[in-house]
Amino acid sequence: MISAPPNIYGIDVFNIFLHEVTVKRAAKILDVTERTIWRWKSEGKVPKAAVLALYWESQYGRSLIDIDHHNETVLLRARIRILEEQFIRAKDIITGMKLLNYGTANQPLFDEEGEFNAHNPTTDLSASVPTRDAFGSATSVPDQGKSDVSFMQQSRVAAA
């Protein structure tokens, strides 16, 4: 938050700002007559609010506002850069997690290569038994001399 310096008060400071702004413009800014401004100068007393109002219209007040805006812009740009870097890192982490996906506990243990048709029990399911190796990759165990009709198929044929 911008604030004026605490020592902005008094007739000397008022005269500095009045010299920069002019009496006519100061009267308009302060919404008083030029006569009131001349009276404040002659009495040597001026309201602090009048001095502060002229401060913000002077080169000093405007430069303070400009510096504050510049500093705020620099900070916001730095925050944007940090957020962009964090976004890129998060995307990389997510991509890596997707590439390293070994499955989950509730994922089927065996990959099915075909469906068993109960109406056609002659389908040979023993030809290739899919399994997973220690790293989660699908492998298949070749037929090890099993008969054309597996035990499961034999029991289905017997039940029919």
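Reading the values: rules and limits
- Residues numbered from 1 in each chain as written.
- Predicted model: local features only at pLDDT ≥ 70, side-chain atom pairs only at ≥ 80, totals over all residues.
- Heavy atoms only, no water.
- Helix = DSSP H or I, 4+ residues; strand = E, 2+ residues; numbered from the N terminus.
- Buried < 20%, exposed > 50% of the residue type's maximum accessible area, 1.4 Å probe, protein only.
- Areas by Shrake-Rupley, 256 points an atom, 1.4 Å probe, with all protein chains shown as cover.
- Arc of directions from axis to C-beta.
- Contact = heavy atoms within 4.5 Å.
- Core = buried A, V, L, I, M, F, W, Y, C linked by side-chain atoms within 4.5 Å.
- Axes fitted to C-alpha atoms, helices over the stretch in contact; angles between N-to-C directions.
- Parallel < 35°, antiparallel > 145°, perpendicular 65-115°, else oblique.
- Nonpolar A, V, L, I, M, F, W, Y, C, P; charged D, E, K, R; others polar.
- Polar contact = N/O pair within 3.5 Å; in protein donor to acceptor, adjacent residues only side chain to side chain.

Student: Mind showing me how you'd approach the overall build of the chain here?
Tutor: Regarding its fold elements, the chain presents six helices and two strands. Traced from its N-terminal end to its C-terminal end, the chain shows the element sequence α-α-α-α-α-β-β-α. For the chain, buried positions account for 16% of its 160 residues. Looking at the chain as shown, the accessible area adds up to about 12700 Å², and 58% of this sits on carbon and sulfur atoms.

Student: Quick question: what am I supposed to make of helix 2 (residues 23-30) here?
Tutor: Among the residues of helix 2, those classed as buried are Val-23, Ala-26, Ala-27 and Leu-30. Down the axis of helix 2, the buried side of the element spans an arc of 100 degrees, and every buried residue falls inside it. Exposed positions of helix 2 whose direction lies more than 90 degrees from the buried face are Lys-24 and Lys-28. Where helix 2 is buried, its residues contact helix 1 (11-21), helix 3 (34-43) and helix 4 (48-57).

Student: Explain helix 4 here, please?
Tutor: An α-helical turn contains 3.6 residues, so a residue and the one three or four places further along point in the same direction. Residues of helix 4 that are buried include every one of Ala-50, Val-51, Leu-54 and Tyr-55, and no others. Buried residues in helix 4, looked at end-on, bunch into an arc of 140 degrees, giving them a common side. Elements in contact with the buried residues of helix 4: helix 1, helix 2, helix 3 and helix 5 (59-99).

Student: What exactly am I supposed to notice about the nonpolar core here?
Tutor: Nonpolar side chains tend toward joint burial in soluble globular proteins. Counting residues in each nonpolar core, the largest one holds 18 residues, and the members touching the most others are Phe-14, Ile-37 and Leu-54. Of all the elements in the fold, those that place two or more residues in this core are helix 1, helix 2, helix 3 and helix 4. Of all the elements, helix 1 adds the most residues to this core, at six residues. Residues within four places of Ile-37 in sequence aside, it is in contact with Phe-14, Leu-18, Val-23, Ala-26, Ala-27 and Val-32.

Student: So what exactly am I meant to see when it comes to the packing of helix 1 against helix 2 here?
Tutor: Working note: a packed helix pair is described by the angle between its axes plus the distance between those axes. It is the contact of helix 1 with helix 2, at a shortest axis distance of 7 Å, that shows an interaxial angle of 105 degrees. Put simply, helix 1 runs roughly perpendicular to helix 2. For the pair helix 1 and helix 2, the contacting residues are Phe-14, Leu-18 and Val-21 in the first and Val-23, Arg-25, Ala-26, Ile-29 and Leu-30 in the second. Along the lines of polarity and charge, the residues of the contact of helix 1 with helix 2 split into seven nonpolar, no polar and one charged.

Student: Just to check I follow, could you spell out the side chain of Ser-58 for this structure?
Tutor: Looking at the element boundaries, Ser-58 is found in the loop between helix 4 and helix 5. Among the residues examined, Ser-58 registers a relative accessible area of 1% and is labelled buried. Here Tyr-55 takes part through its backbone oxygen, which lies 2.6 Å from a polar atom of the side chain of Ser-58. Not counting residues up to four positions away in its chain, the partners in contact with Ser-58 are Phe-17 and Glu-20.

Spatial relationships are all this shows, so hold off on functional conclusions.
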